[in-house]
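Residues per chain are reported as follows:
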Amino acid sequence: MATVQENWSLSRVVFIGVIVGGAAVIWQTYFTPSPGVIYKPDSVYDFIIAGGGTAGSVLAARLSEVEHFKVLLIEAGPEEPWLSTIPLAAPLLQRSRFDWAYLTAPQQKSSMALNNRQSAWPRGKVLGGSGSINYNIHMYGSPQDFETWEKEFGATGWGFSEMKKFANMAECWRLRPKLFKQDMCVADATEQQKSGGCNSTSDSESEGKHVRQRQDAVQCYDPPLRVTTANSTLSYVFLEAGKELGLPVGNLNDDIDYGLMAAQTNVYRGNRWSSVKGYLRPALGRPNLHVLVNAHATKVIWENRRAVGMEYVMYDVAHKVYARAEVILSAGAISTPTILMHSGIGSPEILEYFDIPLVKSLRGVGANLQDHLNLPLYIDIKSPISLTLNKLQHPNTAWNYFVHGTGDLTGAAIEGVGNMPIKKNIPEVGIILFNLGSVDKQLYSTISNMKMESFETQFPHMDNKSSEGFIFLTSCLHPKSRGNIRLVSSDPRHPPSIDPNYLDHPYDLGCMRDAFKFAMRLVRTKAFQGIGASMHLPKYEECTIKGGLDEEDDTIALYNEYVSCIVRMAAITGYHPLGTARIGRRDDYMAVVDPELRVHGVSRLRVADASAMPTQISGTPNSAIIVLAEKAAHMIKETWSDKQKLSEQRICSTSDTCEQEILGDLPGSAAPPSRHVTCGVTLTLLVLSLISSYKLE
């Protein structure tokens, strides 16, 4: 009997130990801070980066490579949750605590199908920023985009060859020559990506015009930017359709300026590979890098017109931290201009209205806001090759992903991307193939802020979880409408007014019609007809014209009017705001930063994020923002390459003792909870469990 009790007691001890140990591992993995993540910074650093998003993560990692640089990264949100590693879980993170959950101002010429005509603008409030909650599409843009930056905006040093150099650095491309048009043709979609692409057009006049010149590459073995290429039946059909239309088919990030490609996404081995994963995580734990989370950067601290620090709010308490060298704003196209305005940089009239002392008049702050407007078009198909709710909710889907790292959850459901010129030999309209035949209409209508009845009109069969189909997202790549970011309160914690001013310029509506026609041409190809594809044309009451499009008296004018109407009704954000602190020459009154990304009229302050981009690129901008941050880090390193010069910098120059007085008023630094604490707690609990077990005997 005693032996049985001893065995039972030992079993109970082992069971309790396993439970406590497992709980401790989970706590340590998901709830304790990572190395280098702090909750109370030191008083002074060399560099302060405001915003731990796509650009900020790159900057923090690259600057901290220099051992004598002391770097602080300030992020308003927490560390990224484990759910963010699943590429297809992006919608679940939007409108959550990891999202700023902005709504635009009511739109005058668009967004009629949205609640209160307001577009939902998800923006990441988490390490990695919007790169932790988006769809991971990997595109750099076309050479013409960056030539425009140089020629029209005076962005010297931001041409395509320079940007490509930093793109190669980020992606660690293997050394190889560029492929040329005569070398490019294979039938298989996968082989197209390996060989560089395929173009089926035989027009000799356009021979080679879309093919890029040779570029140098770099070679390394652990790239910070990982890329996966779609390889599905839908992506193959998409590319075949492009060849039918005579469009270049290849790699828009490498060989061709326009055309179609199987989608490339920042996914690696089934996991989201954002800049926080590829850049920041490997850098965490460096002694010269601190990451302050849950801290909202609000305004720059000045000494005259020299940036010497940053104010931030943490749990409703304001704090200050100082920088000897530079303050770098990388808080994104909404928060960066907001910080600038609260810091006294912007239009004098706006700052005076909110009683903010003027530091520098720059009317371009918050202006020039641009976003891609996407028109979603649902395509029915008869072949069972798309993702559906039934397939995604099947137990095997979760099992394959979490156990084997395979299956539908390993991708972002983006199968193809393309762009096409209309009048010039440059990309003007774009398209994305989003592989979802059925979705949770409550979830998707909420994150888009679309009225339920409008959502059901735009997307049929959403009550059928096995409905096969996909969505074409069509867009005007270079819209001419310009919006703005404006303060609505002197309290920097209050979100600003966001007005993208969609479709304000007449060009944009015509361009969106061309994008619609591009999608229609693709659907009508033999490749798509082979899988039974048909486009659903939504029947909004507001868009009904003389009985619809089936009447004999329909004309091109009526057709255009119908397409214009559904654009005004149902087009939604492309999630690509930028341009609100744009680059430009010093004599350009709307420019905010110079080609070195230094804010005009002040010193030691830079902007390094999407705000600085003067125009939209020919595609999704997330990877282009990474390249921008790579170049920014390179310029900052060059500026402060002299270690002696950096060591001589002071945050206060009014007297010999002013710096000591300022720093003396600040609280001392505090280390984050150590992971050794978790181990100690685990051991203590195990010992107590053992003691209690024997006492109960």
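See above for the structure.
These numbers come from a predicted model, not from an experiment.

## Notes on the pairing of strand β13 (residues 289-292)
Every second residue of β13 is oriented toward a common face, with Leu289 and Val291 on one face and His290 and Leu292 on the other, all of them buried. Sheet topology note: the strand β1 (residues 37-38)/β13 ladder contains two bridges and is parallel. Within the sheet, the bridge partner assigned to Ile38 lies in β13 and is Leu292. Relative to β13, strand β3 (residues 71-74) runs parallel, the two being bridged by four bridges. Bridge pairing in β13 places Leu73 opposite Val291.

## Quick word on the packing of helix α2 (residues 54-63) against helix α18 (residues 622-639)
Close contact between α2 and α18 brings their axes to 8 Å; oriented N to C, the two are set at 35 degrees. α2 and α18 meet at a crossing whose hand is right-handed. Here α2 contributes Thr54, Ala55, Val58, Leu59, Arg62 and Leu63 to the contact with α18, which in turn contributes Asn622, Ile625, Ile626, Ala629, Glu630, Ala632, Ala633, Ile636 and Lys637. Taken together, the residues that form the contact of α2 with α18 break down as 10 nonpolar, two polar and three charged.

## Remarks on empty space enclosed by the protein
Under the defined criterion, the tally for this structure stands at five cavities of 30 Å³ or more. Approximately 130 Å³ is the volume found for the second largest cavity. Along the wall of the second largest cavity there are 17 residues; nearest its centre are Gly430, Ile431, Ile432, Leu477 and Gly619. Breaking the lining of the second largest cavity down by element, the ones donating at least two residues are β20 (414-420), β21 (429-434) and β22 (469-476). Considered class by class, the residues forming the lining of the second largest cavity number six nonpolar, 11 polar and no charged.

## Some remarks on the packing of helix α5 (residues 160-171) against α18
Orientation of α5 relative to α18, taken along the N-to-C sense of each, is 100 degrees, at an axis distance of 9 Å. Relative to α18, the element α5 is oriented roughly perpendicular. Residues Glu162, Met163, Phe166, Ala167, Met169 and Ala170 of α5 pack against Ala624, Ile626, Val627, Leu628, Glu630, Lys631 and His634 of α18. Taken together, the residues of the contact of α5 with α18 break down into nine nonpolar, one polar and three charged.

Calculation rules
Residues numbered from 1 in each chain as written. Predicted model: local features only at pLDDT ≥ 70, side-chain atom pairs only at ≥ 80, totals over all residues. Heavy atoms only, no water. Buried < 20%, exposed > 50% of the residue type's maximum accessible area, 1.4 Å probe, protein only. Helix = DSSP H or I, 4+ residues; strand = E, 2+ residues; numbered from the N terminus. Pairing = 2+ DSSP bridges. Axes fitted to C-alpha atoms, helices over the stretch in contact; angles between N-to-C directions. Left-handed = near helix turned anticlockwise from the far one by under 90°. Contact = heavy atoms within 4.5 Å. Nonpolar A, V, L, I, M, F, W, Y, C, P; charged D, E, K, R; others polar. 1 Å grid on protein atoms, 1.4 Å probe; cavity = no way out; pocket = protein on both sides within 12 Å on 5 of 7 lines; lining within 4 Å. Points joined across faces, edges and corners; volume = space filled by probe spheres on them. Parallel < 35°, antiparallel > 145°, perpendicular 65-115°, else oblique.

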